[in-house]
Amino acid sequence: MGLWRFLKSLILINKEVPQSRGMLYPRESETREVRSLDGIWNFVRSDQANPTQGVREEWYSKDLSKSGPTIPMPVPASYNDITTDNLRDHVGTVWYDRKFFAPRSWAVDQRVWLRFGSVHYEAYVWVNGQKVVKHEIGHLPFEAEVTHLLKYGAENRVTVMCDNALIQTTVPQGRITELPNDEGMTIVQSYTFDFFNYAGIHRSVHLYTTPKTFIEEVVVTTNLSKDNVGGEVLYSVKFNGSAINEADNALYVRAQLYDREGKLVANGTSDAQLSGSLQVDNVNPWWPYLMHPEPGYLYQLEVKLHASNDELLDVYRLKVGLRTLSWSNATFQINGRPVYFRGFGRHEDADVRGKGLDNALMVRDFNLLKWIGANAYRTSHYPYSEESMQFADEHGIMIVDECPSVDAENYNQELLGKHKSSLEQLIHRDRNHPSVVMWSIANEPRTREMNADSYFQLVANLTRSLDKTRPITAAIATPWTDDKAGRFLDIISFNRYNAWYSNTGRLDMVTKKVVEEAVAWNKKYNKPVIMAEYGADTLEGLHLQPAYVWSEEFQTEVFARHFKAFDILRKKGWFIGEFVWNFADFKTAQSYTRVGGNKKGVFTRARQPKASAHLLRKRYFALARELDDSSFPEDLFTYIADMGKTENA
Ligand code: GCB
């Protein structure tokens, strides 16, 4: 590398990132229709050695089946575990297509949008052979208008090319190498992060209609009075389309707020900028699970866009939770009450469907979260489905919302741009969710590396400029002595595996080390601290007494030693949460340290409890009782003996 290029690589410049538009979750209303394109699509994998063949041969210009044999592929789902051959480890492009009808009624006075909840990693989309959109970075939605490309009252075709290749400038990063194998040379994808790089059309595909002039964006923030009795909903709307009458600014919005029973509790008309506020008396604030008898209280906000002649143009409804967040160098508060986080790092991961959206799994997971008494989780290590965010709103589960940056290293300008863009897209998508209480801007970035400070300063600055209402964290594993990113965060999260990756098997080397490390982080940055990951791989059914690594006894003991540390730390005032790694077992790349995947789950991959789940449940409910006065579930303690507690009859 020449001197100039070397010097240039040291400087990271703050460049603007593209701004997301639209992308409201598709909902039906009297002015909108929604159609799902989920189902079985046709699928072709490209020749790994010839990944651009399909583009050169224009496979999108006709049915995929005309270019070669196709196989059926479910959408949404990862494609990796569907077949019985080596599709699992395919590197590069794959193709999907399907046909659909566009009703004749859509041809008049409507606009039609094609929306993908997530395609991992890079997606190219064509409709009837015309390119409509390209999107990079998985786990985030994207959409395009297809009004002029559709044949109405006729059959249409949508084609998707998806590329799973991860390189040093993708988020997350990976490496592609060419290695000799028994047939000659082959392409190998490697990555440092610890979950399988599942790929494909992971979330639902929708077609939806809007009127010609429609509500493109709604942003909501809320305030509560000091005594939590009075509430305020501030809304701001953007429209798209030409205003019906001459002056664009003649449009206005009518906003109505309904409570859970459907009673109108506030309404108002916007100003000329389509912003306004609604005042709510005797408000039901949004509270986390077990912090209040009625957690997750949601109102419905009805937004009606009107032309100046009062003609109703568009209607969009969304759920709104009224709550406030505040934080200092020692606490995190919701509605003025201190919060102690008890929960998990998780993954979107399941047998067969990989990272594909699965409502049965999602509902089961929320039932387990509530059973175990958790009040929060981190969306490690990427944005989770929009449906799960809505579910968290409704159930009062707090979310530490993480962007897809994991194990970031070799900081460079292109990576910085995409990392920032992933946060811009995440905040654009999730800003209205009351459940989202914190942004996590990275997991285990290599924060001792050169440039880590300027890189994370720029990432944190962007995040703050987009949302001032929530604090910023990152889950850091770099030793506190070497870390260069913590000073740009509001809350320090650290990941550490005492008795597992360090001092393996030494249960007597946990408690003190956890306390010492948390204290050191707090001393260095004077900020609240969360232990965002701790745990031990555990093979369900392996029992060894005395505790030995991989056994259920060992996981239980590791947890108990951490609980002791957390209770010492809680007394210090600035220690605000504990997250087990992981909620459930999950698939990883093949490695000799992983038996069928990462087994640090408290639940198995099939979502059944290991022994540690019962212990954790007792702890989480004990914390809820101590801190928020909630009561114990009846089955929390198994009857063993009278223990002298019952009165003699
Ligand atoms: C970590 C990572 C997580 C891994 C975990 C482990 O620090 O953040 O992605 O799965 O450790 O089990 O090694």
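What counts and how
- Residues numbered from 1 in each chain as written.
- Predicted model: local features only at pLDDT ≥ 70, side-chain atom pairs only at ≥ 80, totals over all residues.
- Heavy atoms only, no water.
- Helix = DSSP H or I, 4+ residues; strand = E, 2+ residues; numbered from the N terminus.
- Rg over C-alpha atoms; globule rule 2.2 N^0.38 Å.
- Buried < 20%, exposed > 50% of the residue type's maximum accessible area, 1.4 Å probe, protein only.
- Contact = heavy atoms within 4.5 Å.
- Areas by Shrake-Rupley, 256 points an atom, 1.4 Å probe, with all protein chains shown as cover.
- Core = buried A, V, L, I, M, F, W, Y, C linked by side-chain atoms within 4.5 Å.
- Domains from an automatic or database assignment.
- Pairing = 2+ DSSP bridges.
- Axes fitted to C-alpha atoms, helices over the stretch in contact; angles between N-to-C directions.
- Near = heavy atom within 4 Å.
- Polar contact = N/O pair within 3.5 Å; in protein donor to acceptor, adjacent residues only side chain to side chain.
- Nonpolar A, V, L, I, M, F, W, Y, C, P; charged D, E, K, R; others polar.
- Phe/Tyr/Trp six-rings, centres within 6.5 Å; stacked < 30°, edge-to-face > 60°.
- UniProt positions renumbered as here; feature names shortened; annotations may be inferred.
- Salt bridge = Lys/Arg side-chain N within 4 Å of Asp/Glu carboxyl O.
- Buried area = accessible area lost by both parts, 1.4 Å probe.

The next thing to look at is the overall build of the protein chain. Summing up its helical and strand segments, the protein chain has nine helices and 32 strands in all. For the protein chain, the C-alpha radius of gyration of 26 Å lies close to 26 Å, the compact-globule estimate for 649 residues. The principal-axis extent of the C-alpha atoms belonging to the protein chain is close to 75 × 75 × 65 Å. Counting the 649 residues in the protein chain, one finds 58% classified as buried. In the protein chain, the share of contacts with a sequence separation of at least 24, taken over all contacts with a separation of at least 6, comes to 73%. Summed over its atoms, the accessible surface of the protein chain is roughly 26900 Å², and 51% of this surface lies on carbon and sulfur atoms.

Phe344, Ile372, Ile441, Phe456, Phe575, Val602 and Leu616 are the most contacted members of the largest nonpolar core, which totals 94 residues. In terms of residue count, helix H8 (residues 552–570) provides more of this core than any other element does, seven residues in total. Inspection of this core shows a minimum of three residues originating in each of domain 1 (22–164 + 199–211) and domain 3 (337–628). Counting residues in hydrophobic clusters, the runner-up holds 32 residues, among them Leu87, Tyr96, Ala123 and Val158.

With that settled, consider the sheet that holds strand E15 (residues 214–224). Strand order in the open sheet formed by three strands is E15-E16-E19, with antiparallel pairing between adjacent strands. Strands with a single pairing partner mark the edges of an open sheet, and in this sheet they are E15 and strand E19 (275–280). With strand direction ignored, the average angle separating the axes of adjacent strands in the sheet is 20°. Looking at chain direction, E15 and strand E16 (residues 231–240) are connected through 10 bridges and run antiparallel.

Attention now goes to the site of the ligand. Looking at the ligand, there are 13 residues lining it, with Asp194, His381, Glu444, Tyr501 and Lys600 nearest. Between Glu444 and the ligand, the recorded distance is 2.2 Å, taken from a side-chain N or O atom to an oxygen atom. At a separation of 2.8 Å, an oxygen atom of the ligand approaches a polar side-chain atom of Asn598. In isolation the ligand exposes 320 Å². Once the protein is present, 92% of that is buried. Its residues assigned to classes, the shell around the ligand shows four nonpolar, four polar and five charged.

Attention now goes to the packing of aromatic side chains. Enumeration according to the criterion identifies 40 aromatic pairs in this entry. Ring plane angle 70° and centroid distance 5.2 Å describe the contact between Tyr497 and Tyr501, whose orientation is recorded as edge-to-face. Ring geometry for Phe583 against Phe603: centres 5.1 Å apart, planes inclined by 50°, an arrangement best described as tilted. With Phe583 in the loop between strand E32 (575–581) and helix H9 (611–628) and Phe603 in the loop between E32 and H9, this pair connects stretches of sequence that are 20 residues apart. An identical accessibility class is assigned to Phe583 and Phe603; each is buried.

Residues annotated by UniProt as "domain: Glycoside hydrolase family 2 catalytic" (unreviewed entry) correspond here to residues 329–622. The distance separating the terminal C-alpha atoms of residues 329–622 is 26 Å; by composition the span is 35% helix and 16% strand.

According to the stated counting rule, one finds 48 salt bridges in the structure shown. One salt bridge connects Glu302 with Lys304, and the closest N-O pair in it is separated by 3.8 Å. A relative accessible area of 7% means that Glu302 is categorised as buried. In this structure, Lys418 and Glu414 form a salt bridge, with 3.4 Å as the shortest nitrogen-oxygen distance. Of this pair, Lys418 and Glu414 are both found in helix H5 (residues 413–430), four residues apart, which corresponds to roughly one turn of the helix.

We now examine the domain arrangement of the protein chain. According to the domain assignment, the protein chain consists of domain 1 (22–164 + 199–211), domain 2 (214–320) and domain 3 (337–628). Each of domain 2 and domain 3 has a C-alpha centre, and the two are 33 Å apart. Taken over both partners, the interface formed by domain 2 and domain 3 buries close to 1600 Å², and the fraction arising from carbon and sulfur atoms is 62%. Considering only the side of domain 2, the residues that lose the most area to domain 3 are Trp286, Tyr289 and Met291, jointly responsible for 43% of the buried surface there. Connecting domain 2 to domain 3 are two salt bridges. Close ionic contact of Glu394 with Lys319 constitutes a salt bridge, the shortest N to O distance being 3.7 Å. Our count for the contact surface shared by domain 2 and domain 3 stands at seven residue pairs in polar contact (both at pLDDT 80 or more). Mapped onto the side of domain 2 that touches domain 3, the elements with two or more residues apiece are E15 and strand E21 (312–320).

The next point concerns the UniProt feature "domain: Glycosyl hydrolases family 2 sugar binding" (unreviewed entry) in the protein chain. Following the UniProt record, one finds the feature "domain: Glycosyl hydrolases family 2 sugar binding" (unreviewed entry) at residues 34–211. Within the segment residues 34–211, helix and strand shares are 2% and 47% respectively, and the terminal C-alpha atoms sit 13 Å apart.

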